[in-house]
Amino acid sequence: MFNRDRWREIFETIGKNKLRTFLSGFTVALGIFIFIILFGLGNGLKNTFQEFFLDDASNAIFIYPGRTSMPYKGFKANRRIEFKNEDVEDIKQNFPMFTEYVTPRITRSELTSFKNESNTYTTRAVAPGHQFIEKTILMKGRYINQMDLNKKTKNAVIGRLVAKDLFKKEDPIGKYIDVGSTVFKVVGVFQDDGGDNEERYIYIPYTTRQLLEKSNDKVGQIIVTFPKELGHVGAVAFEKSLKKFFKDKKSVDPRDPNGIYFQNLTDDLKQSQQFAVVLQLIVSFVGLGTLIAGIIGISNIMVFVVKERTKELGIRKALGATPRSVIQMVLQESVFITAISGYVGLFLGIAVLKNVGLSLEEYFIKNPFIDFGTAFAATIVLIIFGAIAGYIPAKRASRIKPIVALRDE
Amino acid sequence: MIQIKNLHKSYKMGSSSLHVLKGINFDVEEGELVAIMGSSGSGKSTLLNILGMLDGADEGEYILDQVPIKNLNETKAAKYRNKFLGFVFQSFNLINYKSALENVALPLYYQGIPRKERQVFALEYLDRVGLKDWSTHLPSELSGGQKQRVAIARAMASRPKVLLADEPTGALDTKTSYEVMDLIQKINQEGKTILVVTHEPDIAHMCKRIVLLKDGVIIEDKKVDQVLASAHV
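What you see is a predicted model; the values in this text were computed from it and never measured. (Residues numbered from 1 in each chain as written. Chains lettered and ligands numbered in written order. Predicted model: local features only at pLDDT ≥ 70, side-chain atom pairs only at ≥ 80, totals over all residues. Heavy atoms only, no water.)

Moving on, we get to the overall build of chain B. In terms of regular secondary structure, chain B is built from seven helices and 10 strands. Counting every position in chain B, which comprises 233 residues, the buried fraction comes to 55%. Restricting to contacts in chain B with at least 6 residues of sequence separation, those with at least 24 account for 70%. Carbon and sulfur atoms provide 48% of the accessible area of chain B, an area that totals close to 10300 Å². (Helix = DSSP H or I, 4+ residues; strand = E, 2+ residues; numbered from the N terminus. Buried < 20%, exposed > 50% of the residue type's maximum accessible area, 1.4 Å probe, protein only. Contact = heavy atoms within 4.5 Å. Areas by Shrake-Rupley, 256 points an atom, 1.4 Å probe, with all protein chains shown as cover.)

Residues and elements named next belong to chain B. Taken as a whole, the second largest pocket encloses approximately 470 Å³ of empty space. Lining the second largest pocket are 24 residues, and of these D55, G56, A57, N71 and L72 lie nearest its centre. Looking at the lining of the second largest pocket, the elements with two or more residues in it are strand 4 (59-64) and helix 2 (74-84). Here the lining of the second largest pocket gets five residues from one element, more than from any other, and that element is strand 4. Counted by class, the lining of the second largest pocket contains 12 nonpolar, four polar and eight charged residues. (1 Å grid on protein atoms, 1.4 Å probe; cavity = no way out; pocket = protein on both sides within 12 Å on 5 of 7 lines; lining within 4 Å. Points joined across faces, edges and corners; volume = space filled by probe spheres on them. Nonpolar A, V, L, I, M, F, W, Y, C, P; charged D, E, K, R; others polar.)

Tallying the contact residues gives 26 residues for chain B and 29 residues for chain A. Interface area, chain B with chain A, both sides summed: about 2500 Å², of which 55% is carbon and sulfur. Among the residues chain B hides against chain A, the three largest losses belong to E74, Y97 and Y110 of chain B. Together they make up 27% of the total. There are five salt bridges connecting chain B and chain A. Ionic pairing is found between E74 of chain B and K317 of chain A, a salt bridge with its closest N-O pair at 2.8 Å. Joining chain B to chain A, the criterion identifies 10 residue pairs in polar contact (both at pLDDT 80 or more). At the level of secondary structure, the elements contributing two or more residues to the side of chain B that touches chain A comprise helix 2, helix 3 (100-110) and helix 4 (115-128) of chain B. At six residues, the largest contribution of residues to the side of chain B that touches chain A is made by helix 2 of chain B. Taken together, the residues that form the side of chain B that touches chain A break down as 12 nonpolar, five polar and nine charged. (Buried area = accessible area lost by both parts, 1.4 Å probe. Salt bridge = Lys/Arg side-chain N within 4 Å of Asp/Glu carboxyl O. Polar contact = N/O pair within 3.5 Å; in protein donor to acceptor, adjacent residues only side chain to side chain.)

Moving on to helix 6 (residues 174-189) of chain B. Owing to its 3.6 residues per turn, the α-helix aligns residues three or four sequence positions apart on the same side. Residue and element names in this part refer to chain B. With 16 residues, helix 6 extends 22 Å from end C-alpha to end C-alpha; this agrees with the ideal 22 Å at 1.5 Å per step. Three or more residues of helix 6 are buried, namely T176, S177, Y178, V180, M181, D182, L183, I184, Q185, I187 and N188. For helix 6, the secondary structure elements touched by its buried residues are strand 3 (33-37), helix 4, helix 5 (144-157), strand 8 (193-197) and helix 7 (201-204). One side-chain oxygen of the residue at the start of helix 6 lies 3.3 Å from the amide nitrogen of K175, identifying that residue as D173. Positive backbone phi, approximately 110 degrees, marks G191, located one or two places after helix 6. (Expected span 1.5 Å × (residues − 1).)

The next thing to look at is the packing of helix 1 (residues 4-16) of chain A against helix 11 (residues 323-356) of chain A. All names here are of chain A. At a minimum axis distance of 10 Å, the contact between helix 1 and helix 11 shows a crossing angle of 65 degrees. The hand of the helix 1/helix 11 crossing is right-handed. From helix 1, R6, W7, I10, F11, T13 and I14 reach across to helix 11, where they touch Q328, M329, Q332, E333, F336 and I337. (Axes fitted to C-alpha atoms, helices over the stretch in contact; angles between N-to-C directions. Left-handed = near helix turned anticlockwise from the far one by under 90°.)

The next point concerns unusual backbone geometry. Most peptide bonds are trans, and most residues other than glycine sit at a negative phi. Residues other than glycine seldom take positive phi values, yet S251 of chain A does so here, at roughly 55 degrees. For S251 of chain A, the location among the structural elements is in the loop between helix 8 (231-249) and strand 12 (260-264). Accessibility expressed as a relative area gives 15% for S251 of chain A, which makes it buried. Its identity as a non-glycine residue notwithstanding, N6 of chain B has a phi of 50 degrees, on the positive side.

Applying the stated rule across the entire model yields 23 aromatic pairs over all chains. With a centroid separation of 5.7 Å and 50 degrees between ring planes, the pair formed by Y143 of chain A and Y203 of chain A is classed as tilted. Pair noted here: Y143 of chain A is in the loop between strand 5 (137-141) and helix 5 (146-151) and Y203 of chain A is in strand 9 (residues 201-205), with a separation of 60 residues, a long-range link. Per residue, the accessibility class of Y143 of chain A equals that of Y203 of chain A, and both read buried. With a centroid separation of 5.6 Å and an interplanar angle of 55 degrees, the aromatic rings of Y80 of chain B and F84 of chain B are classed as tilted. With Y80 of chain B and F84 of chain B both in helix 2 and four residues apart, the pair spans about one turn of that helix. Classification of Y80 of chain B as buried rests on a relative accessible area of 17%. Pairwise contacts between aromatic rings join F83, F95, F98, F226, F238, F245 and F246 of chain A into one cluster. When the ring centre of F75 of chain A is taken as origin, the NZ or CZ atom of R79 of chain A, which lies over that ring, is 4.2 Å away. (Phe/Tyr/Trp six-rings, centres within 6.5 Å; stacked < 30°, edge-to-face > 60°. Lys NZ or Arg CZ within 6 Å of the ring centre and 35° of its normal.)

Quick look at the structure:
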C-alpha cells in the first residue's frame, strides 16, 4: 500500500492513459454529483412542506362558536352560541390534566396608524399562552403577559411587517400607535415562520379588547393545547370529552354538527406526517436509484478497463508479475481514481447546492441541503463498489495464463 | 541447463482432446543456441510455452538449472519466470504506453530493484542492442526491428538463465530478421543459452542445433554448422 515504487508505477499508468482515467473518474464524479443534487433538492422540497404544514403547534384544539341547527332542551334551532370568559376558566378547571394553555382569541380588523403611515391590520386579542400556539418568535421586547391581562393595559405586540410598514427604520419599542382610535404602546415585535400574513398581526390583551367593547366578557374563539404525550389517540379522546362537556354546557344537541365547531390539529398533523413520510421515501428512492446507477456505471467502466488491459497484464505476468501484484495494481489504481474524483463530485455537488440556495423557492424547493454524513457515506459506498467491480475482473485477469492473454487477436 | 523427459500435453477441445506433445525427451547444455522447428500444429509453440512456464505439462519431467519445475502455483511460476527466463515474442508484446527504457526496466521492477538502478541497467541493455538514443521513444515510434531489439533488451535485462524466443523474426522482413538473428547470435556468443522457435529454415541454420518436431514427437535432433547472420547483413 505504501510502496513508493508502486505508487510511482500507478501514477505513470494514470498519466499515460488519460482517456481511461478520465472515463472512470468522470463516471464516479458524475454519479456522486447527481446523487447530491437530487438528494439536496428532495430535502429542499421537504423543507417547503414543513414550512407549509408544520408552522403552528400541532397539539391544539380550536373551538369556534356557530349557530345551532337542531332544537334542544327547549331552545329552538338557529340560536347563536357565544363564548364567555367563564368558559375559558371552566375548561381549565375541568380538564387540568389535559390542558397546557387555554387562551381566548378575539379577532378584529382595525385601521392602525403611526405618524403619517396608516394601514388596516388584523388584531388578535389573546392571553399569554397564545405565543406557544402560533409559535410566535419575539425579535424585540416582550409578549403579552399576565399583568397586561390583570391591568387591562393598552400594550401591543406587532408583527415584523407591521413594524416595517409603519415605522420604516425607526425602533417601534416604546412608541405609541393608534389602533382603531385607541392609543397602544408597542412592547414587542415578533416574526413567524408561517409567512407574510402571519407577520401582519397585532396582538393585544383580550381583557383590554373586552374593556374597549363596553366591558363585556365575550370571547370569539377558544384555543386549547394539550400535552404532546397524549398522542393522536389521546388527543381524539380528549376532543371527544371536551365536545361533550361544551355542548352540554351550552345546551347544544350532541348530534348537532353546527352550534360549536371543533378543529383538532392533531388530525392535520397525522395527515401531514404521513405525507412527510411519503416524501422522505421518494427522496430516499431517488437517492438510492442514483447511487445504484452510479455503481452500475463504475462497474461497467472497471470491467472495460480491465478487459482493455488484459494483454498488458499478460505481458507483466510473463515478465514476472505475481497474480497478487497484478490485482493490487489494478485495485490501487481504481480506488485512487474513484476516491479522488468521488470527492471532486462531492464538493462540486455541495457547492452547487449552496449556490442554488434560495433561488428555487418559487418552485417549492427551499434551502436544499445534504448532510455531510450522507454525502460522505454515498461516496464511500461508490468507492467500495468501484473496488469490488474492479476486483472481480482483475482477479480473473490475474488468473489468465499469460500465454492466453498474449495470443494474437 | 534444461532436461526434459517424456513430456506429454493435450488440450481439451470440447468433448475430444487433442494430444499435442506425445513424449518429448531432450537436453540443452549451457551456452547452446537451439532452433525448434516444425510445421504449424507440430507442437513447437506448446513446447516453448511449457519451457517458459506459461503453460503446464500433463505428464513428464522438466528440470531447469537443477530446479525441478513441477506443480507450480501462479505466484511461484511468476517468480521463476522472472528469475530464470527471458521471453521474446513474435508480436514483440511491448507495453504501448511505456517508453523503450521503461519497457526494458519492467522485469527489474518485478525483481524489486530500486528505480535509479533499474534505469541505469535498462539503459545499458538498450545500448547493447544499439538503441540508446531511442530510449525515450514509445513503441509506436519504433520500427519492427527496433521493437524486437527493445524486446530482446527487455528479455536480457533480468539476466535470465535461458532466453526463449517464439518466432522472433516472424513479423520482420528478411534483412531485419538477419539483424535480429545477428543480435541473438552475439548474445549467445557471450554464453547465454537460447531457444528459438521458428519455421524458417534459414533462421534455423543460424543456430547451432536444430530440433525438428512433427506431430508432437522429435523426429530429428542434429548439430549444424552455424551460418553467421552478420555475413548477410
